[in-house]
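So the chains spell out like this:
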Amino acid sequence: MIRFLKTGTALLAALLLAWLLPWLFSFVTAEPAWRPFTLYSCVVHSFASLDHGDDGSVVGRDMRGNTYTESQFDSILPMFYYRQLAAEGRFPSQIEGVPVTVRDAERSGFIFRTSPSDVNRPAVGIYQILESMPARVDFDAPSDVFRITESGIEFVDMETNTTDEAKSRLFTEVMRRKGFRFPARMVAGNPTPKKEYDNGCLVVDAAGALYHMKQMRGRPFFRAVPLPDGFSVGRIFVTEYPDRRHLAFLTDTAGHFYAMRADDYSLHEVAVGSFDPTTESMMIIGDMFYWTVNIESGGAERLVAVDARDYSVVEVRESPAEPSRWERAARFAFPFELSFTSVDDAFVRPRVAAFSPSALWAGAVLAALYLLLRRRSLRGGVWRAAGIVLLGIYLFIPLLLLEPRR
Amino acid sequence: MIKAILYKEWIKMRALLPVAAVAVLGFTVYALLRVERAVDFRGAAHVWQIMIDKETVFIEPLRLLPALAGIAAALVQFIPEMSQRRLKLTLHLPFPQRGMILVMAAAGLGALAVLFAAQAAMVWGYMHRLLAPELTARAMMTAVPWWAAGLTLYMLTAWICLEPTWRRRVLYLLMTAGVARMFFLSDVPRAYDGMLPWMAALWLFSLLLPLLSVDRFKQGCQD
């Protein structure tokens, strides 16, 4: 029993050190990581980024080696800097032969963002849906929530915490009639009243079929959304941008990214490469000509320029993750890293990462040092020495501190 | 003999328990009254909306109370045992030594469990009338790590108190601080759901740790 407790105490101390030492190391050695702001230019047809010169001045650069002043940079990205150009009377009358106005730039511009920490969060299990056709201009915050169970959809009034039987029955009947199979596998929407219009919810049923649900004057609007054969929905991001062109962005379980048109539910693949919203963040800055899609994961960045008119990929640039010198040094010191939190999700759970065989050498040296300091023969201390080789400094420190000198 | 041991533990804890009960249950009433005021002023729908949108469960002010109660209970129970080495006398009573320590710990754990159960009942009793079961479960599950922290820190504090040498106490204190930090890494509701089995394992292990300190005491370890 006591031997078990001694071993357990040493291992507990080792686990705590495996968590705290790498954290302390990265906290002390953290360096700022910065990438220049980059967009695809519809004028020079190249990625262009805004950087700072040695003297602190703002310098624009495109990927062809041209440099721009701040004012010139505005000109090569007219759909993004339209307000500045309009204020200076420099907004172009046409781009790529297409007549444009400031209003076009304003209406077609959008920014879409998703990150793993947005996606990987504990779900509540209840959802809200706005009244899409409110009596007044502004939306009202929903007064109820809904859940979709095996027996149907259930609306619960928030003020009284009671089920609205009539509304629940009405929606359930319509959903059944349209072929919906309860319960729902996924519900996606933006139930905030602070928006221009409401696209409602997209709901995936138990069979994997996709449906569009809205509430219009208290009555259900429920329509099946046709999907290609074998299509399996991964994640859904309902969009409500001013140009009203799209209903949602979504991924399939194979990691493809799609834009769904609002007018006919047509699905258009945006070939940005494999994208997993649970591990990668994405930002799209789009306008009526091009979208600049920025996908980041673990320090690596992928920039994809997409033609907004036909969703074709125009240009791709990739920047691999480059570990800092301190991160490289940590690989020799720490055999692995234990953490309980992550920037990629909101959960607390043990995660072991950054396994480094290079640290075995340091472990071997520490094991020899331990045998020397504690005057143990290799035979007498073989298990402890093996433990130190594997766990390195994490076990070396507890054994030195918790074991009495002989 | 068990009855006598429990009576001894009651004598040690009887001053603390009313204070702990007033503090824990009083703060619980305060937290729930805050929710009730929000309901009075803005309506129940506002409370629902905040819980859904803002990732809050309204009982966050209670998060440290179980941990503090656990530490305080262990201190009042085990510091008297170590002052003037009274533990020596305790261990000479006609009762298995390990069983003696476990019964003492069981007394403290039982008192804490009753206190935390009363707190949980108050929170659940209020919230389940006001909120959807999903939101009530969200609040209760968010609080589970706080109660687990109370029970675990009770055992780890006992482990430190019963340790006969100061050098080891400092080491154990550092380890306990690290373990305590683990219970309070996130304010996100239900963030700890996946961590609960590991917490349970840690608590089970911590149940036995005072035996290690007592073993060192019996060996005569001292500064």
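Below is a summary of the structure that appears in this document. (Residues numbered from 1 in each chain as written. Chains lettered and ligands numbered in written order. Predicted model: local features only at pLDDT ≥ 70, side-chain atom pairs only at ≥ 80, totals over all residues.)

**Topic: the overall build of chain B**
If you tally the helices and strands in chain B, you get nine helices and zero strands. Counted from the first residue to the last, chain B has its helices and strands arranged as α-α-α-α-α-α-α-α-α. Considered along the principal axes of its C-alpha atoms, chain B spans approximately 65 × 30 × 25 Å. Evaluated residue by residue, chain B yields a buried proportion of 39% over its 223 residues. (Helix = DSSP H or I, 4+ residues; strand = E, 2+ residues; numbered from the N terminus. Buried ≥ 20, exposed ≤ 12 C-beta atoms within 10 Å, placed from the backbone.)

**Here we look at the overall build of chain A**
Broken down by element type, chain A carries ten helices and 24 strands. Taking 2.2 N^0.38 as the reference for a compact globule, 406 residues should give roughly 22 Å; the C-alpha atoms of chain A span a radius of gyration of 28 Å, well beyond that estimate. The dimensions of chain A, computed from C-alpha atoms along their principal axes, are 85 × 65 × 40 Å. Buried residues in chain A amount to 34% of all 406 residues. If you take every contact in chain A between residues at least 6 apart in sequence, the share linking residues at least 24 apart comes to 47%. (Rg over C-alpha atoms; globule rule 2.2 N^0.38 Å. Contact = placed C-beta atoms within 7 Å.)

**Examining the sheet that holds strand E16 (residues 246-252) of chain A**
Residue and element names in this part refer to chain A. As summarised here, the arrangement of the four strands in space is E15-E16-E17-E18, forming an open sheet in which the pairing is antiparallel. The open sheet has two edge strands, strand E15 (233-238) and strand E18 (267-269), and neither has a second partner. The sheet shows a mean angle of 25° between the axes of neighbouring strands, taken without regard to direction. Examined bridge by bridge, E16 and strand E17 (residues 257-261) share five bridges and lie antiparallel to one another. In the strand pairing of E17, Ala248 is matched with Met260. (Pairing = 2+ DSSP bridges. Axes fitted to C-alpha atoms, helices over the stretch in contact; angles between N-to-C directions.)

**Quick word on the packing of helix H2 (residues 16-42) of chain B against helix H3 (residues 44-53) of chain B**
Residues and elements named next belong to chain B. Two numbers describe how H2 lies on H3: the axes approach to 6 Å, and their chain directions differ by 120°. The orientation of H2 with respect to H3, classified from their angle, is oblique. Seen from H2, the contacting residues are Val35, Ala38, Val39 and Arg42; seen from H3, they are Ala44, His46 and Val47. Residue classes in the contact of H2 with H3 are distributed as five nonpolar, one polar and one charged. (Parallel < 35°, antiparallel > 145°, perpendicular 65-115°, else oblique. Nonpolar A, V, L, I, M, F, W, Y, C, P; charged D, E, K, R; others polar.)

**A short note on the interface of chain B and chain A**
Residue-level contacts link 32 residues of chain B with 31 residues of chain A. Contributions of two or more residues to the side of chain B that touches chain A are made by H3, helix H7 (133-162), helix H8 (166-182) and helix H9 (196-219) of chain B. The biggest single contributor to the side of chain B that touches chain A is H9 of chain B, with seven residues. Its residues assigned to classes, the side of chain B that touches chain A shows 22 nonpolar, five polar and five charged.

**Some points on the nonpolar core**
If you look at the biggest cluster of nonpolar residues, it comprises 160 residues, and the most contacted ones within it are Ala14, Ala248 and Ile388 of chain A together with Leu112, Tyr154 and Ala158 of chain B. For this core, the element with the highest residue contribution is H7 of chain B, accounting for 17 residues. Those residues in contact with Ala248 of chain A that sit more than four places away from it in its chain are Leu202, Ile236, Phe237, Val238, Thr239 and Met260 of chain A. (Core = buried A, V, L, I, M, F, W, Y, C linked by C-beta atoms within 7 Å.)

**Describing unusual backbone geometry**
Glycine aside, residues mostly have negative phi, and peptide bonds are mostly found in the trans state. Residue and element names in this part refer to chain A. Cis geometry marks the peptide bond from Phe182 to Pro183; its omega dihedral reads 0°. As for its position among the elements, Pro183 is in the loop between helix H6 (165-177) and strand E11 (184-189). If you check the backbone angles, Asn161 has positive phi at about 55° while not being a glycine. A tally of 17 C-beta atoms within 10 Å means that Asn161 is categorised as partly exposed. With a phi angle near 55°, Arg244 is a residue other than glycine that sits in the positive phi range. Considering the arrangement of structural elements, one finds Arg244 in the loop between E15 and E16.

**Some points on the sheet that holds strand E21 (residues 300-307) of chain A**
Residues and elements named next belong to chain A. Strand order in the open sheet formed by five strands is E7-E19-E20-E21-E22, with antiparallel pairing between adjacent strands. The open sheet has two edge strands, strand E7 (110-114) and strand E22 (313-319), and neither has a second partner. On average, adjacent strands in this sheet sit at an angle of 10° to one another, irrespective of strand direction. Here strand E19 (residues 281-286) pairs with strand E20 (residues 290-297) via six bridges, running antiparallel. Opposite Met282, over in E20, you have Ile295 as the bridge partner.

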